[in-house]
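Next come the chains, spelled out residue by residue.
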Amino acid sequence: MGFFLYGDPIRRDLFLAWQQRGDLLVGLVFFVLVACLFPLAIGPEAKLLSRIGPGVLWVAAILANLLALPRLFQADWQDGTLEQLLLAPAPASMMVAGKIVAHWLTTGVPLTLIAPLLGVQYGLSSDLLLMLMATLFIGTPVLSALGSIGAALTLGVRQGDMLLALLVLPLYAPVLIFGSGAVAAVAGGLNGYAELSLLAAIACGALFLAPWLAAMSIKLAVE
C-alpha cells in the first residue's frame, strides 16, 4: 500500500479506478446516450446532422467529464488519504499532476476512442472523424486539468457538485469553441490547424498551471 500511496500516484489512481470501474462506465454510457439521442430528436437530415455532430459530441464529452470530476479528490479527502499524500516527500503539485493524468487516462482516452464510432451516425467523413479525435485527444487533458482546480476548490463544501459545475463550465468554453471549431473548419474546406494550434496552446498552459493551483487549493481545504 505504501508504494501506491507515495511511490506512483498515477498507478495508484488507476488501480483504484479499476476497483471502482462501475463509476467509469457511468460517464462513458452517459456520453453514448447523449450522442445517440440527438439524432433521434432532430431527424435524419444528413446535412444538419453533419453540421451539429462535432458540437454535440464535444458537449457530451464535457458533460461526461464533469460527471467524473468529483472522484478526483473526494474519496481521498473523506478517508484522510489526501492529508497523507500532502505529507509525502514529493511536491503536492506532482501528486495533483498524477491524479490529472490518471483521470484523463480513465475518462478522456475512452471518450476519444469511442467518439469516431458515434460520429458515424452524424454522417461525418473520415477527415472530420480524424480531426474530431485529434481535438478530443488534445482537449480532454485540458478538461481534466481545469476540472482539478474546481474539484480542489469545492472540497468539503456543501452541494459541492453543483458549485463545481458552475466553476468549471465557463472555463471549458474556449476548449469547446476551438475543439468543435477545428472540425467545422475541416468541414468548410480548411485544414483546421489554426484552431488546433490554439487548443494545443490552451492545453500547455492548463497542464502547466493547473497542478500548482489545485495543490494550493487542496492545502487550504485541508488546513
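Scroll up a little and you will see the structure.
A few points on the structure.

Each value, and the rule that gives it
- Residues numbered from 1 in each chain as written.
- Predicted model: local features only at pLDDT ≥ 70, side-chain atom pairs only at ≥ 80, totals over all residues.
- Heavy atoms only, no water.
- Helix = DSSP H or I, 4+ residues; strand = E, 2+ residues; numbered from the N terminus.
- Rg over C-alpha atoms; globule rule 2.2 N^0.38 Å.
- Contact = heavy atoms within 4.5 Å.
- Areas by Shrake-Rupley, 256 points an atom, 1.4 Å probe, with all protein chains shown as cover.
- Lys, Arg positive; Asp, Glu negative; His and termini not counted.
- Charge placed at Lys NZ, Arg CZ, Asp CG, Glu CD.
- Phe/Tyr/Trp six-rings, centres within 6.5 Å; stacked < 30°, edge-to-face > 60°.
- Buried < 20%, exposed > 50% of the residue type's maximum accessible area, 1.4 Å probe, protein only.
- Axes fitted to C-alpha atoms, helices over the stretch in contact; angles between N-to-C directions.
- Parallel < 35°, antiparallel > 145°, perpendicular 65-115°, else oblique.
- Left-handed = near helix turned anticlockwise from the far one by under 90°.
- Nonpolar A, V, L, I, M, F, W, Y, C, P; charged D, E, K, R; others polar.
- Expected span 1.5 Å × (residues − 1).
- Patch = residues over 30% accessible without salt bridge, like charges linked within 9 Å, V, L, I, M, F, W, Y side chains within 5 Å.
- Salt bridge = Lys/Arg side-chain N within 4 Å of Asp/Glu carboxyl O.

### Observations regarding the overall build of the chain
In step 1: Within the chain, the regular secondary structure consists of 10 helices and zero strands.
In step 2: For the chain, the N- to C-terminal ordering of α and β elements is α-α-α-α-α-α-α-α-α-α.
In step 3: The globule rule puts the C-alpha radius of gyration for 223 residues at 17 Å, and the 18 Å found for the chain is close to it.
In step 4: Sequence-distant contacts, at least 24 apart, represent 79% of the contacts inside the chain between residues at least 6 apart.
In step 5: Looking at the chain as shown, the accessible area adds up to about 11200 Å², and 71% of this sits on carbon and sulfur atoms.
In step 6: When the 9 basic and 11 acidic side-chain charges of the chain are each reduced to a single mean position, those positions are 3 Å apart.

### Overview of the side chain of T107
In step 1: One can find T107 in helix α7 (residues 92-119).
In step 2: Sequence-distant contacts of T107, defined by excluding residues within four places in its chain, comprise N65, A68 and R71.

### Side note on the packing of aromatic side chains
In step 1: Counted according to the given criterion, the structure contains one aromatic pair.
In step 2: With centroids separated by 5.5 Å and ring planes inclined at 70 degrees, the aromatic side chains of W104 and F137 adopt a geometry described as edge-to-face. Of this pair, W104 sits in helix α7 while F137 sits in helix α8 (residues 126-153), and the two are 33 residues apart along the sequence.
In step 3: Residue F137 is classed as partly exposed on the basis of its relative accessible area, which comes to 49%.

### Here's the deal with the packing of helix α4 (residues 46-68) against α8
In step 1: At a minimum axis separation of 11 Å, α4 and α8 run at an interaxial angle of 30 degrees. Relative to α8, the element α4 is oriented roughly parallel. The hand of the α4/α8 crossing is right-handed. On α8, the residues that touch L57, W58, A61, I62 and N65 of α4 are L132, T135, L136, G139, T140, L143 and S144.
In step 2: Of the residues in the contact of α4 with α8, the class split is seven nonpolar, five polar and no charged.

### Things to note about helix α10 (residues 193-222)
In step 1: Helix length check: α10, at 30 residues, gives a terminal C-alpha distance of 43 Å against a target of 44 Å (1.5 Å per residue), a fit within 8%.
In step 2: Among the residues of α10, those classed as buried are L196, L199, A203, A206, A210, P211, A214, A215, S217 and I218.

### Here we look at the environment of R11
In step 1: Secondary-structure assignment places R11 in helix α2 (residues 9-19).
In step 2: With 75 residues separating them in the primary sequence, R11 and L86 have C-alpha atoms 17 Å apart.

### Describing a nonpolar patch on the surface
In step 1: The grouping of L153, V157, M162, L163, L166 and L167 at the surface amounts to a nonpolar patch, some 540 Å² of accessible area in total.
In step 2: Per-element tally for the nonpolar patch: the top contributor is helix α9 (residues 160-187), with four residues.
In step 3: With respect to the helices and strands, the residue L153 is situated in helix α8.

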